[in-house]
Amino acid sequence: MKKIFVWSLLAMFLLLSQVTFAQDKDIRITKFERNYTSLIASMNPVEDNAGEVCSVLRCYVRGTDYSIEPNLGVLKTEILDGEIRLWIPRGTKRITVRHRGAKPLVGYSLPVKIESKTDYDVDVEMVDIVRETIKVNRNHNVYIGLGYNIMSLSGPSLSIGANVNHHQIELGAVYGLNKTDDLYFYSSQGSVVAGYNYNAIRASLSYGYEIMVSDFFSITPMIGVAYLACMGSNIANTGNNSNYKNANSISGIGAMRFTIAVSNRFKLCLTPEYDYAFYKDDTCKLLSDNDNKMKNWHTGFNLNVGLMIFF
């Protein structure tokens, strides 16, 4: 069940990255001016409802499926390769441009006065909103990460890091909310000496190198070390203290972080990692051998989902 959940989460994150790549495009009018040499309106006169000869908007576009709607309506339309010609009444003040693959440009105010029997050139372009507005500002090198760790050690996480020329150094911490099973310790006579369950706090130091796949999507391979402290809480009033209250280990970390920038200062991140304990104190060895949950805290897979805030 846990594997199904993890794979579903990974699939959702990858889908989010694809949706981000294909975010709405923005329609822009980059030129709107009178064409003094074009005579289409004069040579092909079309009268409006008041009997006045219309003007012509010569809208230059790339591709098809554009819809251009002046506020006073259109009397005639011609669609050519790369050009849409609209006969519009004198006094038109606004136009709306739509395309099924883009965010509509609604109520664009015309920068010139529309006269009768006059031609106007209009350049219509469609640009990617994400590529223009979501770029990580490289002046923002310091960040804080807020997230949640799942799988081996479950609980909230906090990280502080710096990213300089794609080189990333990060300090991290996870407070484990999951606990071990109840563990009881016995005297040589067979009576209960103490009973505990354990939770853990993990501190880590890691290095990564950020690989920019696009302006807003990156992959960061990471390596590091983690110190994990297991703390026992009494579960039975046994009357005697025990030296089994604390257990410690040091693990090596290998991770791969996937990030999507959602603004200039914020990134969503997904970080699968594997921890391998290369050092355990005697208490940790004893407890890990008797409780699989604790064993997995030191050596096992983790997955962190979070938000990075750049400053």
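Conventions we followed
Residues numbered from 1 in each chain as written. Predicted model: local features only at pLDDT ≥ 70, side-chain atom pairs only at ≥ 80, totals over all residues. Heavy atoms only, no water. Helix = DSSP H or I, 4+ residues; strand = E, 2+ residues; numbered from the N terminus. Buried < 20%, exposed > 50% of the residue type's maximum accessible area, 1.4 Å probe, protein only. Contact = heavy atoms within 4.5 Å. Pairing = 2+ DSSP bridges. Axes fitted to C-alpha atoms, helices over the stretch in contact; angles between N-to-C directions. Core = buried A, V, L, I, M, F, W, Y, C linked by side-chain atoms within 4.5 Å. pLDDT = per-residue confidence, 0-100.

### Examining the overall build of the chain
Counting its secondary structure elements, the chain contains five helices and 19 strands. Split into buried and exposed, the 311 residues of the chain put 42% on the buried side. Intrachain contacts of the chain at a sequence separation of at least 6 include 66% that bridge at least 24 residues.

### Re the sheet that holds strand β2 (residues 55–60)
Strands sit in the order β4-β5-β2-β9-β1-β7 across an open sheet of six strands; the sheet is mixed. Each edge of the sheet is formed by a strand with only one pairing partner; in this case those strands are β4 (76–80) and β7 (102–103). Where β2 lies against strand β9 (residues 119–128), five bridges are found, and the strand directions are parallel. Residue pairing across strands places Arg-58 opposite Asp-121, the latter belonging to β9.

### As for the sheet that holds strand β8 (residues 105–109)
Spatial strand order, β3-β6-β8: three strands in an open sheet with antiparallel pairing. With one partner strand each, in any of the chains shown, β3 (66–70) and β8 form the two edges of the open sheet. Averaged over all pairs of adjacent strands, the angle between their axes in this sheet comes to 20°, without regard to strand direction. The pairing of strand β6 (residues 94–99) with β8 spans three bridges and is antiparallel. Among the inter-strand pairings, Val-97 is bridged to a residue of β8, identified as Leu-105.

### Some words on the pairing of β6
Inspection of the sheet shows β3 paired to β6 by five bridges, in the antiparallel sense. Across the sheet, Ser-67 pairs through a bridge with Arg-98, a residue of β6.

### Describing the nonpolar core
Formed by 20 residues in total, the largest nonpolar core has its most connected members in Ile-29, Phe-32, Leu-57, Val-97 and Val-124. Elements that contribute at least two residues to this core include exactly β1 (25–35), β2, β3, β5 (83–88), β6 and β9. Excluding residues within four positions of it along the chain, Val-124 makes contact with Ile-27, Arg-28, Ile-29, Tyr-60, Val-61, Tyr-66 and Val-97. Counting residues in each nonpolar core, the second largest holds 13 residues, with Leu-153, Leu-183, Tyr-196 and Leu-287 among its members.

### Considerations on the confidence of the model for the chain
If pLDDT is low for a region, its predicted coordinates should not be looked at in detail. Averaged over all residues, the pLDDT of the chain is 84; the fraction at 70 or higher stands at 83%. Confidence scores differ between elements of the chain, with helix α3 (residues 129–133) showing the lowest mean pLDDT of 48 and β2 the highest of 96. Every residue in residues 16–23 is under pLDDT 50, and counting partners more than four places away or in other chains gives 12 contacts. Low confidence marks residues 130–137, where pLDDT is under 50. Its contacts with residues over four positions away, or in another chain, come to 20 contacts.

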